[in-house]
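Structure assessment
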Amino acid sequence: MSTPRSQHHNSIFDNLPNQVLSKDGEVRPALFAALTDLFVSRENPGGEEISRYEDMALRLIGDADASSRAHAAARLALHKSAPITVIDALLLADPACATILLEHCARLSPETLLDIASWGTAEEAIALARRKGLEPDLAEILSHRVENGVLIALVENCDVSLSPAMFALMMNQARSSDELAGALCRRTGDSRLITPLFMNASPEQRAEIMRDAEFASFTSAQMKRVETASSTLINWIVERGRAGRWGLVAQEIVRLTGFQRNVVDKMLAHKSGDGLAVLMAAIGCPSPLAVRLFLSCPPEISHSYTRVKALAHIVEHVPAHAAYRLVFDIMGTPMETAQPKYVPLHDPKAAALPGRALSGLSASKLPVRRQVRNNLRMQR
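What this report covers is the structure whose coordinates are included nearby. In this text the structure is predicted, and so the values were computed from the model without any measurement.

As a further point, take the overall build of the protein. What the protein contains, in helices and strands, is 22 helices and zero strands. For the protein, buried positions account for 46% of its 380 residues. Long-range pairs, those at least 24 residues apart, make up 63% of the contacts in the protein between residues at least 6 apart in sequence. Taken as a whole, the protein presents about 19,300 Å² of accessible surface, with 55% of it coming from carbon and sulfur.

To continue, consider the environment of R75. Among the secondary structure elements, R75 is positioned in helix α4 (residues 66–77). Side chain to side chain, R75 and D37 meet in a polar contact 2.5 Å long.

The next point concerns the nonpolar core. Counting 58 residues, the largest nonpolar core has F32, L90, L101, L142 and L154 as the members making the most contacts within it. The leading source of residues in this core is helix α10 (residues 148–156), at six residues. Contacts of L101, omitting those with residues within four sequence positions, involve A73, A77, I87, L90, L91, L108 and R131.

Overall, the coordinates contain 16 salt bridges when judged by the stated rule. E49 is paired through a salt bridge with R42; the nearest N and O atoms lie 2.7 Å apart. A residue is classified by how much of its surface remains accessible, and R42, at 25% relative accessible area, is partly exposed. R59 serves as the salt-bridge partner of D55, at 2.9 Å between the closest nitrogen and oxygen. Linking D55 with R59, this pair stays in helix α3 (residues 47–60), spanning four residues, or about one helical turn. By relative accessible area, which is 33% here, R59 ends up partly exposed.

Bringing the side chain of S287 into the picture now. Within the secondary structure layout, S287 lies in helix α19 (residues 287–294). Overall, S287 belongs to the buried group, its relative accessible area being 16%. Among all residues touching S287, those that are not within four sequence positions of it are A312, V315 and E316.

Let's shift gears to the packing of helix α2 (residues 28–40) against α4. Orientation of α2 relative to α4, taken along the N-to-C sense of each, is 10°, at an axis distance of 9 Å. With respect to α4, the element α2 is oriented roughly parallel. Across the interface between the two elements, P29, A30, F32, A33, T36, D37, F39 and V40 from α2 touch S68, R69, H71, A72, R75 and L76 from α4. Here the contact of α2 with α4 is built from residues that sort into eight nonpolar, three polar and three charged.

Following both chains from N to C, one finds helix α8 (residues 122–129) and α10 inclined at 5°, their axes separated by 8 Å at the closest point. Regarding the angle of α8 to α10, the classification is roughly parallel. Seen from α8, the contacting residues are A122, A125, I126 and A129; seen from α10, they are G149, V150, A153 and L154. Taken together, the residues that form the contact of α8 with α10 break down as seven nonpolar, one polar and no charged.

This model, assessed by the stated rule, comprises four aromatic pairs. Their ring planes at 10° and their centres at 4.4 Å tell us that F39 and Y53 sit as a pair that is stacked. Separated by 14 residues along the polypeptide, F39 in helix α2 and Y53 in helix α3 bring together distant segments of the chain. The pair formed by F39 and Y53 is uniform in burial state, with each residue classed as buried.

Moving on, we get to the side chain of N157. Relative to the helices and strands, N157 is located in the loop between α10 and α11 (164–174). Side-chain polar atoms of N157 contact the backbone oxygen of A129, separated by 2.8 Å.

Examined against the element boundaries, I126 turns out to sit in helix α8. Remark: the alpha-carbon pair of I126 and I152, spanning 26 residues in sequence, is separated by 8.5 Å. Non-local contacts of I126, meaning those with residues more than four positions away in its chain, are made with G149, V150 and A153.

About the cut-offs
- Residues numbered from 1 in each chain as written.
- Predicted model: local features only at pLDDT ≥ 70, side-chain atom pairs only at ≥ 80, totals over all residues.
- Heavy atoms only, no water.
- Helix = DSSP H or I, 4+ residues; strand = E, 2+ residues; numbered from the N terminus.
- Buried < 20%, exposed > 50% of the residue type's maximum accessible area, 1.4 Å probe, protein only.
- Contact = heavy atoms within 4.5 Å.
- Areas by Shrake-Rupley, 256 points an atom, 1.4 Å probe, with all protein chains shown as cover.
- Polar contact = N/O pair within 3.5 Å; in protein donor to acceptor, adjacent residues only side chain to side chain.
- Core = buried A, V, L, I, M, F, W, Y, C linked by side-chain atoms within 4.5 Å.
- Salt bridge = Lys/Arg side-chain N within 4 Å of Asp/Glu carboxyl O.
- Axes fitted to C-alpha atoms, helices over the stretch in contact; angles between N-to-C directions.
- Parallel < 35°, antiparallel > 145°, perpendicular 65-115°, else oblique.
- Nonpolar A, V, L, I, M, F, W, Y, C, P; charged D, E, K, R; others polar.
- Phe/Tyr/Trp six-rings, centres within 6.5 Å; stacked < 30°, edge-to-face > 60°.

Written as structure tokens, this is what we have:
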């Protein structure tokens, strides 16, 4: 038996259909919002009420403004009896509605969600990636998207379990996106998984990565692939760094090691100095010389005793071959595939040989490296 309240509610719905088409365009947006509020106020509307709302809403959506449509989408997204036809119409009517419904509405069909995951716009895919309880197959499809925003939303969605394959895809993309790299570092508890993202890791994660590098095991073949610098070249690099000529520093490190220039530049520019310390360890720089260089860095490094001490520890305790491995991980290139690099170093005061004149950069051609005790650090 109907109560007086439900009878009043039904009478409103009975009278509305006759008024919908008679209202002018200025009233229809407000009428659409009010009609939606009235519909969702019933937790379990009957079939006839759903049908009447569906009929009237579909007539009004075309005349509703963006604000009214977004309001209706937000209300209907959380209602278990919202008509599918109205939801689909809102999904197509407005980008804001699509964002709301894709993230929150449980009434969207699997076919619609699959289509959005595969072919939707970046904004639609981002909204879908934020969806609570996102199905694993949809997450897998979204992980193949090239838009960084989609991948970041996927990583930040705690309901999504990142499979090894998905993590590998995102890791590769993160090499060219600091924002995505940061999101992966925040999501991952195991620092070993994010070693390639060393420059974007938290200070605690970087410390763990360096501890692992310090005690890592290497074969003799791996160690033989490492080329450290002579003491003369190291002094030259340190003095250029102290003078702020980091372009020359990067150039010589790349020439000696074969590292990628863009990676070396990024490591040298790292605000904490960890990247610089790793590169100094890779070329076999003695710790006292490295400290001189750190004391010439920006105040965030040079004015902090704790920071300089931590960086000096990296240079002193991380073997050159371990530092090489870390840089190759950052580059995304297996160290085992790198060919041994021979770098000829010449006496800067030597006269030109017959048929071969010295270049204008003769100052960078330094004496042949001798095997000294400092260079044996890499073999520990």
